[in-house]
Amino acid sequence: MDPSEGEQRDVSVVPADVLPGSALAAEEPAAGAAELGPRARLWPSLAAVYRAQLSRARVARIPLLFVATFQSVGIMILMRGVVDDGAEAQAVVAGSSVLVVAFVALNLLAQYFGQLRASGGLDHYATLPVPPAAVVLGAAGAYASFTVPGTVVTAVFGCVLFGLPMAHLWVLMAVIPLAGAALAGLGAALGLLAPRPELATLLGQLGMSAALLLGVLPADRMPEVVRFARDLLPSTYGVEAFARTFGPHPDWAFVLGDLAVCGAVGVISLAVATWAYRRAAVR
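Residues numbered from 1 in each chain as written. Predicted model: local features only at pLDDT ≥ 70, side-chain atom pairs only at ≥ 80, totals over all residues. Heavy atoms only, no water.

For the chain, an unreviewed UniProt entry supplies the name ABC transporter permease and the organism Streptomyces indiaensis.

Printed below as a string of structure tokens:
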């Protein structure tokens, strides 16, 4: 008996569709790989980005927040011997309080997104299943959250320094998020649209300087052209809303109107920042 015949009897016949290298076996995983997971929703993604940014920037931003608060308090001390009591004092306290928001939400956020774009950090976010709006809103919310303690401390110190009432300081609960959204959106847009991080830093500092000069100084002492530029600044309406509450009988209709304008500007600036993020992420 030929040994080759025995070897042929021992060979089993295997169907072609179960062989690992066959074309039929390769079609099954390919069909399963075509099924993608559900797209990430906005609010869960926003919350995740917000927590990540908050924990990342907590240690690095606290010293800068102290600098922003100390700067605003120092400005009020200098202005104490220049302005009179009344409407001018109200403008100084309100402007100095919102200046803390401008320092963090506008200046630091412009620097952050400028450095993120230059270092290629936007590529990391582009690979994640996160909507662009969640990245911008999460970072803006985290940076704006750092302004709450400094703004409250500045407002309380200013009220004590100028002898203003503190009965309506609760208005800061609306002024901080609305002014913070408007300034954070502007800062994010400046950082994402700037071609270099140095230019983003420069634009952020110029924006903060504009908030300082146009927000802290009383509007009655400004020329007409400067007043027009002041009306274009997003933080102006937060300053006006806060300053109106120091009077004995605040006109709440005007306060709500200023807050509404500030909120509308915040929506527009955050939308522009989201567009700038998409534009920078695809380059």
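Right, picking up where we left off after that structure.
**Side note on the packing of helix H4 (residues 87-118) against helix H8 (residues 172-193)**
Orientation of H4 relative to H8, taken along the N-to-C sense of each, is 30 degrees, at an axis distance of 7 Å. Judged on the interaxial angle alone, H8 and H4 are roughly parallel. In this structure, H4 meets H8 at a crossing whose hand is right-handed. (Axes fitted to C-alpha atoms, helices over the stretch in contact; angles between N-to-C directions. Helix = DSSP H or I, 4+ residues; strand = E, 2+ residues; numbered from the N terminus. Parallel < 35°, antiparallel > 145°, perpendicular 65-115°, else oblique. Left-handed = near helix turned anticlockwise from the far one by under 90°.)

**A word on a nonpolar patch on the surface**
Taken together, the side chains of Val148, Val152, Val156, Val160 and Met166 make up a nonpolar region of the molecular surface, amounting to roughly 380 Å² of accessible area. Position of valine 152 among the secondary structure elements: in helix H7 (residues 147-162). (Patch = residues over 30% accessible without salt bridge, like charges linked within 9 Å, V, L, I, M, F, W, Y side chains within 5 Å. Areas by Shrake-Rupley, 256 points an atom, 1.4 Å probe, with all protein chains shown as cover. Salt bridge = Lys/Arg side-chain N within 4 Å of Asp/Glu carboxyl O.)

**Section: the environment of serine 55**
Mapped onto the elements, serine 55 comes out in helix H3 (residues 42-80). Overall, the relative accessible area of 46% leaves serine 55 in the partly exposed class. Sequence-wise, serine 55 and alanine 142 are 87 residues apart; in three dimensions their C-alpha atoms are separated by 9.0 Å. (Buried < 20%, exposed > 50% of the residue type's maximum accessible area, 1.4 Å probe, protein only.)

**Focus on empty space enclosed by the protein**
Taken as a whole and assessed by the stated rule, the structure comprises two cavities of 30 Å³ or more. Empty space within the largest cavity amounts to approximately 40 Å³. Forming the walls of the largest cavity are Gly95, Val98, Leu99, Ala102, Ala211, Gly215, Ser235 and Val239. Where the lining of the largest cavity is concerned, the elements lending two or more residues are H4, helix H9 (197-216) and helix H11 (235-244). Sort the elements by how many residues they give to the lining of the largest cavity and H4 lands first, with four residues. In the lining of the largest cavity, the residues fall into five nonpolar, three polar and no charged. Taken as a whole, the second largest cavity spans an internal volume of roughly 30 Å³. Forming the walls of the second largest cavity are Pro165, Met166, Ala167, His168, Leu169, Thr245 and Phe246. (1 Å grid on protein atoms, 1.4 Å probe; cavity = no way out; pocket = protein on both sides within 12 Å on 5 of 7 lines; lining within 4 Å. Points joined across faces, edges and corners; volume = space filled by probe spheres on them. Nonpolar A, V, L, I, M, F, W, Y, C, P; charged D, E, K, R; others polar.)

**Some details on the packing of aromatic side chains**
Ring pairs (aromatic) are described by centroid distance and by the angle formed between their planes. If you walk through the whole model with that rule in mind, you get five aromatic pairs. Both rings, one in phenylalanine 242 and one in phenylalanine 246, keep their centres 4.9 Å apart while their planes meet at 50 degrees; by these two values the pair is tilted. Comparing phenylalanine 242 with phenylalanine 246 shows no difference in burial state: the two are buried. Feature note: the residues Tyr112, Phe113 and Tyr143 constitute an aromatic cluster, connected by ring pairs. (Phe/Tyr/Trp six-rings, centres within 6.5 Å; stacked < 30°, edge-to-face > 60°.)

**Remarks on the packing of H11 against helix H12 (residues 252-281)**
Interaxial distance between H11 and H12 falls to 8 Å at its minimum, and their mutual angle equals 160 degrees. Classified by the interaxial angle, the pair formed by H11 and H12 is roughly antiparallel. Our pair here, H11 against H12, has a crossing hand that is left-handed. Contacts between H11 and H12 involve Tyr237, Gly238, Glu240, Ala241 and Arg244 from the former and Phe254, Val255, Asp258, Leu259, Val261 and Cys262 from the latter. Per-class residue counts for the contact of H11 with H12 are seven nonpolar, one polar and three charged. (Contact = heavy atoms within 4.5 Å.)

**Examining the pattern of salt bridges**
For the coordinates displayed, the defined rule picks out three salt bridges. The salt bridge involving arginine 227 is made with glutamate 224; its shortest N-O contact spans 3.9 Å. You can see arginine 227 and its partner glutamate 224 sitting in helix H10 (residues 224-232), three residues apart, about one turn around the helix. By relative accessible area, arginine 227 is classed as partly exposed at 31%. Since its relative accessible area comes to 60%, glutamate 224 is described here as exposed. Here arginine 230 ties to glutamate 240 by a salt bridge, and the two come within 2.8 Å at their closest N and O atoms. With a gap of ten residues between them, arginine 230 in helix H10 and glutamate 240 in helix H11 connect regions that are remote in the sequence.

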